[in-house]
Each structure stands twice: as structure tokens, then as C-alpha cells.
Amino acid sequence: MLAWPGYADADIVKAFEDRTGVRVEVSFVDSDENLWARVNAPEHDYFDVFAVNTAELQRYIRSDLVRPVNADAITNRSRQLSRFRDLQSIPGLVHQGRVFAIPYTYAEMGLIYDRRQVTPAPDSIAALWDPRYRGKVIAYNGGTHNFALAAQLLGHANPFNLNSHDWQMAVDKLIALRRNVLAFYTQPQESVDLFTRHGAALLFANFGSQQVKLLEAAGADVGYVIPREGALAWLDCWAIPKGTRNAALAEAWINYTLEEQPGNALSTRQGLANTTQAAASGTEGAGRLVWLQPVEDAERRNHLWGRIMAGARTDKVMAP
């Protein structure tokens, strides 16, 4: 399987192995681009099940890389909260009457701040660009999400659909962000290490409450807010690649993860919400959630972001 950190802890996998008599090989990913490359790899590098957010799922469906899930085989769906049982109501899960993924966990991408350095609590994503915190900001290394952040800062109602005249303004904002940021991360634990080691003041929490949990465990005195522009939010689901050799076993894994033990481990260890229990709010403020949607051109976002990270000026970033 392909999973994100915390989705398939060793003891949770061992319990599944003992129950089924099979051996599970887990590979972890650290970005949507890495996940896409692994699932889209040559046939010999196949997987039986993987975790993907609802927005990213759409390109796997369009590219015919996933197969429908037998929702009737996922009997533990009866344990899920009603809003996750109604698969038709969740955009992107059902196509032409067929179910392509089962909800597993979700989180919003809020702002984590050091209570000693940041007072009052930040109420806007503009804090990531605030010169007062230059060299004190930790941000996520990802083109699709960062262009959405820039679009939010620019006041766009839909941060997932940039028009032709929007790109240069977004690039300008992201170059400014790069200059304000101390370091970029890809994995949750990496963000915690950077935050604590360097005494950072602000962290863009791509993994949301999971990072709050890790920072608190590391002894950091942090707060967590949803900015007034709204927080990007993701819903991760289990999906089955088209080339799987073990579809029934993949569905057994999906069903197993909706049991009490895996769900509790996800929440208590990782600080992530599961789909079978109501989540306790760990955030301050009452901002809205902006659920991820497919973007207008993921390849272009990531290509331009690579140039930004390389230190290019606007004209070089925007060059053909």
C-alpha cells in the first residue's frame, strides 16, 4: 500500500496481518506529486491500495488508474458519521454510479503559532508574509497548495482556478513568501523538527491538527487558528489502483481501518480526525473551510513553484 505518515502504523498493520495471514508492505509518500508518480509508475511497481485526497482523486479517475470500490464489502461504513456515509454527497467519489474511494480522515490547513512570539494570535494568512516574522516562518513545499494560498491572499473566491492575468501576481506573492520563510518541509515530523530547532514563530500546517499534536508532544507552546480567508482542507480516502492483484484484500484493509482501534490510533497518536467519531475542535477562531478541488493546471503550478524555489525572479519564473 501507499500511505501518508501515520496512516499505517506498524502495530495496526501487524494486527491486520495476523487477522488475514498476509504480509503487508507499506510505502510512505510525502507529497501529492510523489503519490502520483508512484501510482503512475510502470506496471511492475504496482500497489493494491493507496490514500489520496478527493481533489487529487479526480486525475486518477480521468487517467483510468483506479478501479471502483465495492462499497457493499466495506461493512464498517455503518460506523461512519452520516456525512461520510452519504458518498453521493461528497464531490468526486462517485462517477457514473460507481464508487471510487472511501473516506478515511480529514484536516484543515490552519496556522500554527508560537504563543510566546506571536501575540495576539494571527487572524489572516497574510501573517506568513509579515516582515516581522521574516526568517521565523516554516511553510509547505508544494506548488498546488501554495498557489492556492497566494490566490486566497489576493482575494480570489476560487483559489483553485487562476486566470491568465492571475499567474504573475500569484508568482510575485510566492517569491515574497519564499523570502520570508526560513525553511520549507514536506513531512509532518520534518516541520516539527524545523519549528522547534530554529525557534520558529509561524507554521503553515499542511497536515493540520496532526502537526499540532506532534508539536505539543515535543513541548512546544503553540496555538492553532483558522484564518479569516478560510483554511484549505482535505479529505483523504482509500482508493484501489486499476492494476491491483488483490482487490478483495484491499477492500478488507479499507474496512479494517474503519474499526475502533485504527480510528482511535489515527486520532490519539496523530491528532487527525477519523470518519467514525465527531472531532473535537482544536482551533481558535471561526474561519471557514475551503475544501480542496482540482486545480486548473497542476503541472504548471508545480513547474513554476520549482523555479520559485530555485530563487528565480518573476521574469525568469514566468519565462516559457
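See the structure shown above.
All values derive from a computational prediction rather than experimental measurement.

**Student:** Explanation requested: the sheet that holds strand β10 (residues 181-185) in the structure shown.
**Tutor:** Neighbouring strands of a sheet are bound in pairs by backbone hydrogen bonds; such pairs are parallel or else antiparallel. On the basis of which strands lie adjacent, the open sheet formed by five strands has the order β10-β9-β11-β8-β12 and mixed pairing. Only two strands of the sheet have a single partner each, and these edge strands are β10 and β12 (222-225). Averaged over all pairs of adjacent strands, the angle between strand axes in this sheet comes to 20°, irrespective of strand direction. The sheet contact formed by strand β8 (residues 111-114) and strand β11 (residues 202-204) spans three bridges and is antiparallel. The residue of β11 that forms the bridge with Tyr113 is Leu202. Contacts between helix α7 (residues 188-198) and the sheet are confined to β8, β9 (137-140), β10, β11 and β12, with β10 contributing the most and set at about 155° to the helix.

**Student:** Help me understand the pattern of salt bridges in this model?
**Tutor:** Close approach of charged atoms allows side chains of opposite charge to pair. In total, this model carries 13 salt bridges according to the counting rule given. A salt bridge links Arg269 to Asp11; the nearest nitrogen and oxygen atoms lie 2.5 Å apart. Taken together, the positions of Arg269 in helix α10 (residues 260-270) and Asp11 in helix α1 (residues 10-20) put the pair 258 residues apart, joining distant regions of the chain. With a relative accessible area of 36%, Arg269 lands in the partly exposed category. Through salt bridges with shared partners, a single network forms among Asp9, Asp11 and Arg269.

**Student:** Whenever I open this one, the side chain of Ser31 confuses me. Can you help?
**Tutor:** Examined against the element boundaries, Ser31 turns out to sit in the loop between β2 (27-28) and α2 (32-39). Within the local environment of Ser31, its side chain forms a polar contact with the backbone nitrogen of Asn34, the two atoms lying 3.0 Å apart. The contacts of Ser31, once residues within four sequence positions are left out, are Trp4 and Tyr140.

**Student:** What is the right way to look at the nonpolar core in this model?
**Tutor:** Soluble globular proteins: nonpolar side chains tend toward being buried together. By size, the foremost hydrophobic cluster in this structure holds 112 residues, and its most contacted members are Tyr7, Leu35, Phe50, Tyr60, Phe147, Trp238 and Trp253. Sorting elements by how many residues they give to this core places strand β13 (residues 231-241) first, with seven residues. Other than its neighbours up to four places away in sequence, Trp253 contacts Met1, Tyr7, Ala8, Ile12, Val13, Phe16, Val49 and Trp238.

**Student:** Explain the packing of aromatic side chains to me, please; I cannot follow it from the model alone.
**Tutor:** Given two aromatic rings, one states the distance between the centres and the angle between the planes to describe the pair. Inspection of the entire model under this criterion finds 16 aromatic pairs. With 5.4 Å between their ring centres and 35° between their planes, Phe16 and Tyr256 make a pair best called tilted. With Phe16 in helix α1 and Tyr256 in helix α9 (residues 247-257), this pair connects stretches of sequence that are 240 residues apart. Classification of Phe16 as buried rests on a relative accessible area of 3%. Note on Tyr256: relative accessible area 1%, which makes it buried.

**Student:** I keep staring at the pairing of β9 and nothing clicks. Help me out?
**Tutor:** The side chains of a regular strand alternate between both faces of the sheet. A two-sided burial pattern is seen for β9, the buried positions comprising Val137 and Ala139 on one face and Ile138 and Tyr140 on the other. In this structure, β9 lies alongside β10, joined through four bridges in parallel fashion. In the strand pairing of β10, Ala139 is matched with Phe184. As paired strands, β9 and β11 are joined by two bridges and run parallel to one another. Paired with Ile138 across the bridge in β11 is Leu203.

**Student:** I would appreciate a short explanation of unusual backbone geometry in the present structure.
**Tutor:** Peptide bonds are trans in most cases, and residues, glycine excluded, mostly fall at negative phi. The linkage connecting Thr119 with the following residue, Pro120, adopts the cis geometry, with an omega of -5°. Mapping Pro120 onto the fold places it in the loop between β8 and β9. A positive phi angle, close to 60°, is found at Asp64, a residue other than glycine. Mapped onto the secondary structure, Asp64 falls in the loop between α3 (54-62) and β4 (66-67).

**Student:** Would you mind showing me how to read the packing of α2 against α3 here?
**Tutor:** The description of two packed helices rests on the angle between their axes and on the distance between the axes. Look at α2 against α3: their axes get within 12 Å of each other, and the N-to-C directions meet at 25°. Viewed along their axes, α2 and α3 adopt a mutual orientation that is roughly parallel. Between α2 and α3 lies a crossing of right-handed hand. For the pair α2 and α3, the contacting residues are Asp32, Leu35, Trp36 and Val39 in the first and Glu56, Arg59 and Tyr60 in the second. Of the residues in the contact of α2 with α3, the class split is four nonpolar, no polar and three charged.

**Student:** What's the story with α10 in this structure? I'm lost.
**Tutor:** Think of an α-helix as turning once every 3.6 residues; residues three or four places apart then point the same way. Residues of α10 that are buried include every one of Pro262, Gly263, Ala265, Leu266 and Gln270, and no others. The buried residues of α10 occupy one face: seen down the axis, they fall within an arc of 160°. Exposed residues on α10 whose side chains face more than 90 degrees from its buried face are Glu260 and Thr268. For α10, the elements touching its buried residues are α1, β7 (102-108), α8 (209-217), α9 and β14 (273-274). Note on α10: the residue one or two positions beyond its end, Gly271, has a positive phi of about 75°.

Rules of the game
- Residues numbered from 1 in each chain as written.
- Predicted model: local features only at pLDDT ≥ 70, side-chain atom pairs only at ≥ 80, totals over all residues.
- Heavy atoms only, no water.
- Pairing = 2+ DSSP bridges.
- Helix = DSSP H or I, 4+ residues; strand = E, 2+ residues; numbered from the N terminus.
- Axes fitted to C-alpha atoms, helices over the stretch in contact; angles between N-to-C directions.
- Contact = heavy atoms within 4.5 Å.
- Salt bridge = Lys/Arg side-chain N within 4 Å of Asp/Glu carboxyl O.
- Buried < 20%, exposed > 50% of the residue type's maximum accessible area, 1.4 Å probe, protein only.
- Polar contact = N/O pair within 3.5 Å; in protein donor to acceptor, adjacent residues only side chain to side chain.
- Core = buried A, V, L, I, M, F, W, Y, C linked by side-chain atoms within 4.5 Å.
- Phe/Tyr/Trp six-rings, centres within 6.5 Å; stacked < 30°, edge-to-face > 60°.
- Parallel < 35°, antiparallel > 145°, perpendicular 65-115°, else oblique.
- Left-handed = near helix turned anticlockwise from the far one by under 90°.
- Nonpolar A, V, L, I, M, F, W, Y, C, P; charged D, E, K, R; others polar.
- Arc of directions from axis to C-beta.

These values are about where atoms sit, not about what they do.
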